[in-house]
Amino acid sequence: MHFATAPSVVCLITAIRLVSAVDSPLITPLAWDEASEKAKSFVSQLTMSEKIGLVTGSYGSGPILPCVGTLAAVERLNYTGLCMSDGPNGVNRADSEFRMKGVHVLLGPSTGPMGRHPRGGRGWEGFGPDPYLAGVAMNESVTGIEATGVQTSSKHYIGNEQETQRNPSTKDDGTVIEAVSANIDDRTLHELYLWPFANAVRAGTASVMCAYSRLNQTYSCASSEILDTILKDELAFLGYVVSDFGATHSTVDFAEGGLDMEMPGNVTAAGFPCYFGDKLLEAVQANKVSEERLEDMASRVMTPYFRLHQDKDFPMIDPATGPVLFVTQLGHVQVPSMAGMFTEVPAIDVRADHARGIRELGAAGTVLLKNVNGTLPLTNQTSFALFGNGLPDPTIGSTFVPTGGEDAPEGYEIGTFDIGGGSGSVRHTDLVSPLEAIRTKVKALGGRVQLLFDNNEIAAGRFTTIYPTPQVCLLFLKAWATEGADRPDLNLQWNATMAVESTARLCPNTIVVTHGPGVVLMPWADNENVTAILAAHYPGEEIGNSITDVLWGTVEPSGRLPYSIPKDEADAGPPILVVPENTTDPGAWTEDFVEGQMIDYRYFDANSGKEPLYEFGYGLSYTEFDMAPGLNVQLTGGSLNQHVNKSMGIAPGGMVDLWTNVAVVTVNVTNTGDRAGAAVPQLYVSLPQDTTPPGTPVKVLRGFNKLHLRKGETKQATFELLRRDLSYWDVQEKEWVIPRGQITLFSGFSSKDIRANTTISV
Ligand code: NOJ
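Residues numbered from 1 in each chain as written. Predicted model: local features only at pLDDT ≥ 70, side-chain atom pairs only at ≥ 80, totals over all residues. Heavy atoms only, no water.

1. Describing the pairing of strand 14 (residues 367-371)
Argument step 1. Extensive coverage of strand 14 is indicated by the burial of five of its five residues.
Argument step 2. Summarising the sheet, strand 14 and strand 19 (residues 530-535) pair through four bridges and their orientation is antiparallel. Residue Lys-370 lies in a different strand from strand 19, and its bridge partner there is Ile-533. (Buried < 20%, exposed > 50% of the residue type's maximum accessible area, 1.4 Å probe, protein only. Helix = DSSP H or I, 4+ residues; strand = E, 2+ residues; numbered from the N terminus. Pairing = 2+ DSSP bridges.)

2. Re helix 9 (residues 291-307)
Argument step 1. The terminal C-alpha atoms of helix 9, which comprises 17 residues, lie 24 Å apart, in line with the 24 Å expected from a rise of 1.5 Å per residue.
Argument step 2. Most of helix 9 sits inside the fold, with 13 of its 17 residues counted as buried.
Argument step 3. Positive phi shows up at His-309, right after helix 9, with a value of about 55°. (Expected span 1.5 Å × (residues − 1).)

3. So, the sheet that holds strand 5 (residues 151-157)
Pairing between the strands of a sheet is mediated by backbone hydrogen bonds and can be parallel or antiparallel.
Argument step 1. Strand order in the open sheet formed by six strands is 2-3-4-5-9-12, and the pairing between neighbours is mixed. Strand pairing shows two members of the sheet lacking a second neighbour, strand 2 (69-71) and strand 12 (240-243), which therefore form its edges.
Argument step 2. Summarising the sheet, strand 3 (residues 82-85) and strand 4 (residues 105-106) pair through two bridges and their orientation is parallel. Of the residues in strand 4, the one forming a bridge with Ser-85 is Leu-106.
Argument step 3. Packed on one face of the sheet, helix 3 (residues 131-146) meets strand 4 and strand 5 and runs near 150° to strand 5.
Argument step 4. Against the sheet, helix 9 engages strand 2, strand 3, strand 5 and strand 12, with an angle of about 110° to strand 12. (Contact = heavy atoms within 4.5 Å. Axes fitted to C-alpha atoms, helices over the stretch in contact; angles between N-to-C directions.)

4. Observations concerning the site of the ligand
Argument step 1. Around the ligand lies a shell of 14 residues, among which Asp-86, Arg-122, Lys-155, His-156 and Asp-244 are the nearest.
Argument step 2. One nitrogen or oxygen atom from the side chain of Lys-155 is found 2.9 Å from an oxygen atom belonging to the ligand.
Argument step 3. Contact distances for the ligand include 2.6 Å between an oxygen atom and a side-chain N or O atom of His-156.
Argument step 4. Its residues assigned to classes, the shell around the ligand shows five nonpolar, two polar and seven charged. (Near = heavy atom within 4 Å. Polar contact = N/O pair within 3.5 Å; in protein donor to acceptor, adjacent residues only side chain to side chain. Nonpolar A, V, L, I, M, F, W, Y, C, P; charged D, E, K, R; others polar.)

5. Points about the side chain of Arg-723
Argument step 1. Tracing the backbone through its elements, the reader meets Arg-723 in the loop between strand 30 (714-722) and strand 31 (728-730).
Argument step 2. Residues in contact with Arg-723, not counting those within four places in the same chain, are Asn-641, Gln-642, His-643, Val-644, Asp-657, Leu-658, Thr-660, Val-662 and Ile-738.

6. Examining the state of the cysteines
Argument step 1. Counted by the stated rule, this structure contains three disulfides.
Argument step 2. With its sulfur 2.0 Å from that of its partner, Cys-67 forms a disulfide with Cys-83. Its S-S torsion of about -100° marks the bond between Cys-67 and Cys-83 as left-handed, since a negative value means left-handed. Of the two residues, Cys-67 sits in the loop between strand 1 (56-58) and strand 2 while Cys-83 sits in strand 3, which places them 16 residues apart along the sequence.
Argument step 3. Residue class for Cys-83 comes out buried when judged on its relative accessible area of 0%.
Argument step 4. Two residues share a disulfide in this structure: Cys-210 and Cys-221, whose sulfurs sit 2.1 Å from each other. Looking down the S-S bond of the Cys-210 and Cys-221 bridge, the torsion is 110°, so its handedness is right-handed. Taken together, the residues span a long stretch of sequence, with Cys-210 in strand 9 (residues 207-210) and Cys-221 in the loop between strand 11 (218-219) and helix 6 (224-234) at a distance of 11 residues. Comparing Cys-210 with Cys-221, the two get one shared label, buried.
Argument step 5. With its disulfide-bonded cysteines labelled consecutively along the sequence, the protein is connected as 1-2, 3-4, 5-6.
Argument step 6. Here Cys-274 stays unpaired: no disulfide links it, and the sulfur of Cys-221, its closest cysteine neighbor, is 14 Å away. (Disulfide = S-S within 2.5 Å.)

Okay, here's the thing in C-alpha cells:
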C-alpha cells in the first residue's frame, strides 16, 4: 500500500479508502475482547523485564537502527518485536510501502493539528479544520490500513496546534520553560478536537500517539484526564497510547497518567532520555507504579498485534530499512568511527503500479478556484509559457531531508513541492515534475514551450527571453510547510505575488497553479488576466501527471476546499502563540482557545461582516450542477430521543447509541452543463441557538457525497445522520444531547452556496 498523496489534498470528495490493498490479502480483525484475552495470556508468560521491554522502545544491541520506533523481540515466545514507521503520507525513511516492508505500525493518520492556525507547520499531514470531514477521513484511513494487517497510530492527541515550543526548552540557568499548553474547554474539546479521534477509535485504531504539547497545563502524555477518563473510559479505547518521540518527561506521572509505551525509549542514539526501561522497573519494584498497571500497559500493546493477526505470516522487516534510515538521518557520512556500521543492501521493491493511484488521488484533490470563460480545460493551444519556481525538479536533489524544520523553514527555492517536510515526508523513488509532464504533453500536441523558473526574474518582468507572447502562461507557485516550524506567513513564497502581477501584465491568459500545505493567500485572485486558478496542494510524486490530467480535462476537477481561503491573514484564525525569548516564566507558553469552535467557516458564519475569498466546500467543475430545492428528511426511529440510550452499551468509539442512524436526508442533483462531471453536494446542520448553551456554531458539516453525473443526468444524494451528528456536548451532564426545538438542515455546493433546506422538530 502506498499513499504518498498528502492527506490534506483528500478534499471533500476523496474520502475514499486511502489504502488499496492490492498487494496484501485483506484481513478480518479479531474481536477486541478475544484479542485482549490472547494478549493477557501472552503477557502472563513474561518476566518483569520482558514486560518492561514491551512498553519501552529499544533498538536491541546492534548499531543499525532498524525502524524509527522498535520494540525488542521475545524470541522464546516467537514474538518478533514491533517495527514502527512514519507516517501519514507514505513510508518515511524507507523507500516504499508498509506491510510488505515488514512495518507493523504506521505512525498515522494525523488529525492533530486540525488547523486552528493555518500557519501551523503540520496541518498538511491531516485532514483540515472540520471535525466531521476529518472524522470521515480518519475512519477511512484506519479501516483501510488495518484491513491489510498494519496497525495505525492516530496522532497527535490532542490540541497540538502549533510547532513553535511544542517541546519544553531549558534556559542557560537550568530553568525549564514548559511546552505550549492548549487550554481547551470541555465542549470545544468534544465537538471539535476530539471528534475525529472518536472516529479513529471506533474504526479500530491500534494505538493513539499522545502529543508533545500540554493540554490544560498537563503534558498530553501524562494527562489521566484525557488518556484515562476520555480516551480509555469515555471512548472505550482498548489499544495502547504511545508517546510522541521524546514526549515522556518522567516515569511515575506518565505511566500512571495513562501512557502505555515510551518511544523511542532506550535508544541513546536518538538523543532522548529514557524514563521507562530500568526506571519503570525500579518504580514498579518500589510500588510507585503498580504491577497491575504494568500488565495493563503490556496487554494493551499486545492486543492490536493479535487483533490484526500480526502473530501469523507477517513479512520480515526489509533488510534495507536500517541502512535507509541511517542514511536518511545522517547522510552517507564519512565518519571513521561509523565506518562499516551498515552495509547497503538491495531494498525489497513493492511499489507495483501504485504510481497510478497516486496520480489519480493527486488529480482528485486538486481544487479549481477560478475559470473565466472556459479557460480550462486546455484544448488545442500550442504556444505555452511555463513559469515559476514550482515547475522543475528540485535543484537540491529529489529527496529533501533537513534534520528539522528549524534548519530550513522556507524549504528550497527552485523545484516542485509535492510533499512537506519532517517525519511526514517520504523518500521518492520517482518524481514526475510539472515541467516534465507538461512538456511531454505539449510536445505530443506539436506545440512549443518557453521557460522561466526564477521568480525574481519573472517578478522583475524583464521577459527578454520570451517571444512570441504565449497563448497560455502557466505559472507554478509554491509554499513550504514542515514539522518543527510554523509558517512565517500564509503567502506563496519567493516573490510570488509580484510574479503573478508581472506574468498577468505580459499574458492576458495567465493560469496560476499553487502547490502548498493548505491555505495560501491570493491577493491577485481578482486580476482579470488571471483567467484560472488551481489549488493543487501537496499531491505526491506524480505531481506533474496529476496536474496535467486536470489542465487538459482528462480528469474532471472535483476537489472541494477542506478549509476556507481568507482574503487576508487577519481572518485566518488566532495567531500562533509566540512568547518573548527572554521569558523566565516556566508556564508562559499558555494559550486559552477562547474562540471555542469558531474556526474556519464557523468563524465566517459567526461574523456576518466577514467574507472569505473562497469558502470551505467550494470548488468549480468543467460542467455545472443544480440542486432541487426540496430536502427530504426521514427519521429512522420515528421521533428523536434527546438522550443516548445507555442500555445499548459502550464499545470502541463511545456509547453505541451515538453511532445509531437517526435520519436519512435526500436531495436531487442535476448536471446542467455540457459535459460529464462529479458534483459534491454537502449537508450542514444548524442546532437551535436558544436551547443550546452559547458557543453553538451557526452550522456544521454533517454529510457529503460525490455524484458522478453524465450531461443532463439527475441523481439523488443521500446523507445518513447519526445521533452524534445532531447532538451537542452537555458539559454539566457530561453526555451528548440532542437539543429541543427546531434543527435546520441545509444542503448545497459549499458552506455558502446553500440551495435547499428543511427542519426537524425535536
Ligand atoms: C515526531 C513526530 O511528531 C511524530 O509525528 C513522529 O511519528 C515521530 N517523531 C517519529 O518520527
